Amino acid sequence: MQNSSTFLPGSPSIQLANSIYHVEAYLDHAATTPMNPVALQAQIQASSLIGNPSGSHRAARAAKDLLERSREEVGALLGAAASEVIFTSGGTEADNLAIFGSTGGGRIAVCSTIEHHAVLDSVKAGGGKLIGVTSSGAIKLEELESFLKEGGERVGVVSVMAANNETGVVQPLAEVCALVRRYAPKALCHTDAVQVPSYLDVGEITAGFDLVSISGHKFGGPKGIGALLVRRPASIKALFHGGGQERELRSGTQNLAGAAAMAAALRDAVENRDENVRRISMLTEKLRSGLSAKLASIKPNGADEVQMCNITNYCFDGLNSEEILFLLDAAGICASAGSSCASGALNPSHVLLEMGHSKSEASGSLRLSLGVTTTEEEVDYAIEAVAGVVRELAIKKGALWI
Ligand code: PLP
């Protein structure tokens, strides 16, 4: 069976790049998605423009025109004005800009303990405050409330992700925003919405938020492009200094082809969201019930909360994520543990530890994330392969739950 190449158009060089490996089931859409053909087309077309959008001659004006049309499109699809879209190099930069841009001078950041490291490590670096989560993976609102009640005037930004990238648990953004407005009216509300545009209405769930991060490669766009929506522009400061692009908030010549491709990918993701959610929910249900039928005692992490329809996360106590992923990879399945560092080494997931899992449970985690290109055949194949690999390892290690 051939897979992710089905999402790629007929360019021979791209097919060549894709055919150097063979994938039976790509179940790592939360890490990155295959590029949508409409986005790829937009990227190729935009790459042929030679102008620098900051210039003044006709070539520059053509580039600027496309950049501004892309900005308008991204804003409109996310419930923001074009002027509120600040293009960045991706989700990590957008998160860093949100946190460092709104703290310092005695003002700290607050976030949940299960944020992506782009937020978590930025908050820690500035001596900020971390708020815990429940055993099912949602931020503890009462803990946030009592911290803000006492120390709200010191807070520059509160950052809570829209949905967790490891468990898919959707966070109570409206309640977070209400607490911030009530107890820390000078603080900004930021959400890392990187995982959600294909599944949730970003404009609706982030209504009232000042800062929203997105990343193109999570919804069929290219890697290396993202945006921060800045709904209160005057109140954050730039991290990069230079030509003053992006309303002086992000200097540097813009990634025009990336912005155009991200806008095209986002349009497709938003226009087809309802149908994709319906289909992916069905496939996720099939995956979960197929695995439960073969491994009776397992339960997805976060399943007691509202979850995005595409992510399933398990802990296999006593097993090792690296071994699971190695055997799955050998069977042609791309999946992840949910938490990997740049070197590829796996640490027990901070998200699962914060939810109260033991180190032994968190060290045996597996994240299976579906996406718009996922087929029923991939899910069928994955059920057999995952159950086989987990059973084999569990028997070898004498895990009692098998
Ligand atoms: N935030 C979340 C929730 C993510 O899942 C990711 C990527 O995995 C990022 C931020 C970082 O985004 P990028 O890869 O565009 O830097």
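Refer to the structure presented above.
Report follows, based on the coordinates.

Conventions used here
- Residues numbered from 1 in each chain as written.
- Predicted model: local features only at pLDDT ≥ 70, side-chain atom pairs only at ≥ 80, totals over all residues.
- Heavy atoms only, no water.
- Axes fitted to C-alpha atoms, helices over the stretch in contact; angles between N-to-C directions.
- Helix = DSSP H or I, 4+ residues; strand = E, 2+ residues; numbered from the N terminus.
- Parallel < 35°, antiparallel > 145°, perpendicular 65-115°, else oblique.
- Left-handed = near helix turned anticlockwise from the far one by under 90°.
- Contact = heavy atoms within 4.5 Å.
- Nonpolar A, V, L, I, M, F, W, Y, C, P; charged D, E, K, R; others polar.
- Buried < 20%, exposed > 50% of the residue type's maximum accessible area, 1.4 Å probe, protein only.
- Pairing = 2+ DSSP bridges.
- 1 Å grid on protein atoms, 1.4 Å probe; cavity = no way out; pocket = protein on both sides within 12 Å on 5 of 7 lines; lining within 4 Å.
- Points joined across faces, edges and corners; volume = space filled by probe spheres on them.
- Polar contact = N/O pair within 3.5 Å; in protein donor to acceptor, adjacent residues only side chain to side chain.
- Salt bridge = Lys/Arg side-chain N within 4 Å of Asp/Glu carboxyl O.

### Some details on the packing of helix H6 (residues 141-151) against helix H7 (residues 173-183)
Thought 1: Put simply, H6 and H7 touch, their axes get as near as 9 Å, and they point 15 degrees apart. Classed by the angle they form, the pair H6 and H7 counts as roughly parallel. The two elements H6 and H7 meet at a crossing, and its hand is right-handed. Residue-level inspection shows Leu141, Leu144, Glu145, Leu148 and Lys149 of H6 in contact with H7, the latter providing Glu175, Val176, Leu179, Val180 and Tyr183.
Thought 2: Tallied by class, residues from the contact of H6 with H7 come to seven nonpolar, no polar and three charged.

### Considerations on the pairing of strand E7 (residues 211-215)
Thought 1: Within E7, five of the five residues are buried, which leaves the element mostly enclosed by the surrounding structure.
Thought 2: Burial along E7 is two-sided: Leu211, Ser213 and Ser215 facing one way and Val212 and Ile214 facing the other are all buried.
Thought 3: The sheet contact formed by strand E6 (residues 188-192) and E7 spans three bridges and is parallel. Paired with Asp192 across the bridge in E7 is Ser213.

### Describing empty space enclosed by the protein
Thought 1: Counted by the stated rule, this structure contains one cavity of 30 Å³ or more.
Thought 2: Estimated volume of the largest cavity: approximately 30 Å³.
Thought 3: If you go around the largest cavity, the residues you meet are His29, Ala30, Thr33, Gln195, Tyr199, Lys218, Asn310 and Leu370.

### A look at the side chain of Ser365
Thought 1: You can see Ser365 is positioned in strand E11 (residues 365-369).
Thought 2: Within the local environment of Ser365, its side chain forms a polar contact with the backbone oxygen of Ala337, the two atoms lying 3.1 Å apart.
Thought 3: With residues up to four places along the chain from it excluded, the contact list for Ser365 reads Tyr314, Cys315, Ser321, Ala337 and Leu352.

### Observations concerning the pattern of salt bridges
Thought 1: According to the stated counting rule, one finds 18 salt bridges in the structure shown.
Thought 2: Note that Glu145 is salt-bridged to Lys149, the shortest N-O span being 3.9 Å. Remark: Lys149 and Glu145 occur in helix H6; sequence separation between them is four residues, near one turn of the helix.
Thought 3: For Glu145, a relative accessible area of 24% corresponds to the partly exposed category.
Thought 4: Under the relative-accessibility criterion, Lys149 is labelled exposed at 52%.
Thought 5: In this structure, Asp210 engages Arg181 in a salt bridge whose closest nitrogen and oxygen atoms are separated by 3.1 Å. Of this pair, Asp210 sits in the loop between helix H8 (202-205) and E7 while Arg181 sits in helix H7; the two residues are 29 residues apart in sequence, bridging distant segments of the chain.
Thought 6: According to the relative accessible area criterion, Asp210 is buried, its value standing at 5%.

### Side note on the packing of helix H10 (residues 273-294) against helix H14 (residues 376-397)
Relative placement of two packed helices is described by the angle separating their axes and the distance separating the axes.
Thought 1: Interhelical geometry of H10 versus H14 gives an angle of 30 degrees and a closest axis separation of 9 Å. Here H10 is positioned roughly parallel relative to H14, judged by the angle of their axes. Two packed elements cross with a definite hand, and for H10 against H14 that hand is right-handed. Seen from H10, the contacting residues are Leu283, Lys286, Leu287, Gly290, Leu291 and Lys294; seen from H14, they are Glu376, Val379, Asp380, Ala382, Ile383, Glu384, Val386, Ala387 and Arg391.
Thought 2: Partitioned by chemical class, the residues of the contact of H10 with H14 number eight nonpolar, one polar and six charged.

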